[in-house]
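Given next are the chains, with one letter for each unit.
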Amino acid sequence: MDLRQLENIVAIAEERSISRAAERLFISQPALSQQVSKLEARLGVPLFSRDKQGLSLTQAGKVYVENAKKILSIRDETYNRIYDIAAYRKGSISIGVSPGRSPMIVSKIYPQFQREFPGFKIQVFDISNAQTKEMLIQGTLDLGFLLLSDKEISARLPISHLAITQEDMYLVTSKNHPMAARYHNGSQGRMIDLRLFQNETFALPTKGAKIRLFVDEIFASYGISPNVCYQVYNIQSIITVVSESRLCTIIPAGFLPDNENLIYFRLKPNRFMEFSICWNSNHRMTTAEKFFVELCQKVYL
């Protein structure tokens, strides 16, 4: 198939005029008219009809142009990816992620990425969920990991996202907590009604933190006003305090440590947050960035 011919027919359809299309394509009008006539003869149907506004596509013409655009788009995407491979074997990717998640990137994703793109540098910014979202919107980050609520997923933000996992919310206590001894049946992840813990004392992320906002919504849905006596931004600090005290906390599954001193309960009914890899919708991703996103998906599948 002649790709130049596809471009010429698309140009005529967009200009609604052979003369204007010829000027745009830098070819003579007779040559373009002859090309259209030969194509229509070969297809056995006209592609254009003339009306007061100029040339219009016939039904057959609409089918031809629609598929011509798809073919040209595939060509452009193919060339762009090849150009990326040739021109961007060296470069950098800036990534925003909350401090508790950055070890996951280093241990699980970066080694595989580095084998494919050894000349690339990864710059990880340990920042909050809100800062990551803002920098993505501003275009100062290439990629970012975000916990997204249902409201944010449905909002029309200039951010594209690929969900890599849905993380259940867990109530966490130490194994020495009286409530753990009462309700723990020997296996982690037993479902439990949060109202059973409404009179307990909690350690939670600082007010305004993404996870804290969601946890507050969970408490509100149960009609509970929690007694919070310890607040800190860092989730790892909360986990450490809970493991050595009689405090409770609620965190997403992605932050659950392998700690024999902790007991995990899933909330009933189940609540979850969507963990996604995100980028600015106006940002044209390079081959390296696309490969990084694909790795994120594989790691969590």
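Just so you know, these numbers come straight off a predicted model, no measurement behind them.

### Here's the deal with the overall build of the chain
1) Next: When its secondary structure is counted, the chain shows 11 helices and 12 strands.
2) Next: Burial statistics for the chain: of 301 residues in total, 42% are counted as buried.
3) Next: Contacts in the chain between residues at least 24 apart in sequence constitute 74% of all its contacts with a sequence separation of at least 6.
4) Next: Surface exposure of the chain reaches about 16,200 Å², of which carbon and sulfur atoms provide 50%.

### Things to note about the pattern of salt bridges
1) Next: Considering all chains together, one arrives at 12 salt bridges under this definition.
2) Next: Across the pair Arg24 and Glu15 runs a salt bridge whose closest N-O atoms are separated by 3.1 Å.
3) Next: Relative accessible area serves as the criterion here: at 24%, Glu15 is assigned to the partly exposed category.
4) Next: Put simply, Glu77 and Lys290 hold a salt bridge, and the shortest N to O gap is 2.8 Å. Pair noted here: Glu77 is in helix H4 (residues 59–87) and Lys290 is in helix H11 (residues 287–300), with a separation of 213 residues, a long-range link.
5) Next: Of the residues examined, Lys290 reaches a relative accessible area of 24% and is grouped as partly exposed.
6) Next: A single network of salt bridges, built from pairs that share partners, joins Glu14, Glu15, Arg20 and Arg24.

### What to know about the pairing of strand E8 (residues 201–204)
1) Next: Here 4 bridges tie E8 to strand E9 (residues 227–231), and the two strands are oriented parallel to one another. Residue Leu204 lies in a different strand from E9, and its bridge partner there is Gln231.
2) Next: Considered for its hand, the β-α-β crossover made up of E8, helix H9 (residues 210–222) and E9 is right-handed.

### Digging into the packing of helix H1 (residues 3–15) against helix H2 (residues 18–25)
1) Next: At a minimum axis separation of 8 Å, H1 and H2 run at an interaxial angle of 130°. With respect to their mutual orientation, H1 and H2 come out oblique. Our pair here, H1 against H2, has a crossing hand that is right-handed. Contacts between H1 and H2 pair Arg4, Asn8, Ala11, Ile12, Glu14 and Glu15 from the former with Ile18, Arg20, Ala21, Arg24 and Leu25 from the latter.
2) Next: Among the residues forming the contact of H1 with H2, the class breakdown is 5 nonpolar, 1 polar and 5 charged.

The rules behind these values
- Residues numbered from 1 in each chain as written.
- Predicted model: local features only at pLDDT ≥ 70, side-chain atom pairs only at ≥ 80, totals over all residues.
- Heavy atoms only, no water.
- Helix = DSSP H or I, 4+ residues; strand = E, 2+ residues; numbered from the N terminus.
- Buried < 20%, exposed > 50% of the residue type's maximum accessible area, 1.4 Å probe, protein only.
- Contact = heavy atoms within 4.5 Å.
- Areas by Shrake-Rupley, 256 points an atom, 1.4 Å probe, with all protein chains shown as cover.
- Salt bridge = Lys/Arg side-chain N within 4 Å of Asp/Glu carboxyl O.
- Pairing = 2+ DSSP bridges.
- Right-handed = clockwise from strand over helix to strand, strands pointing away.
- Axes fitted to C-alpha atoms, helices over the stretch in contact; angles between N-to-C directions.
- Parallel < 35°, antiparallel > 145°, perpendicular 65-115°, else oblique.
- Left-handed = near helix turned anticlockwise from the far one by under 90°.
- Nonpolar A, V, L, I, M, F, W, Y, C, P; charged D, E, K, R; others polar.

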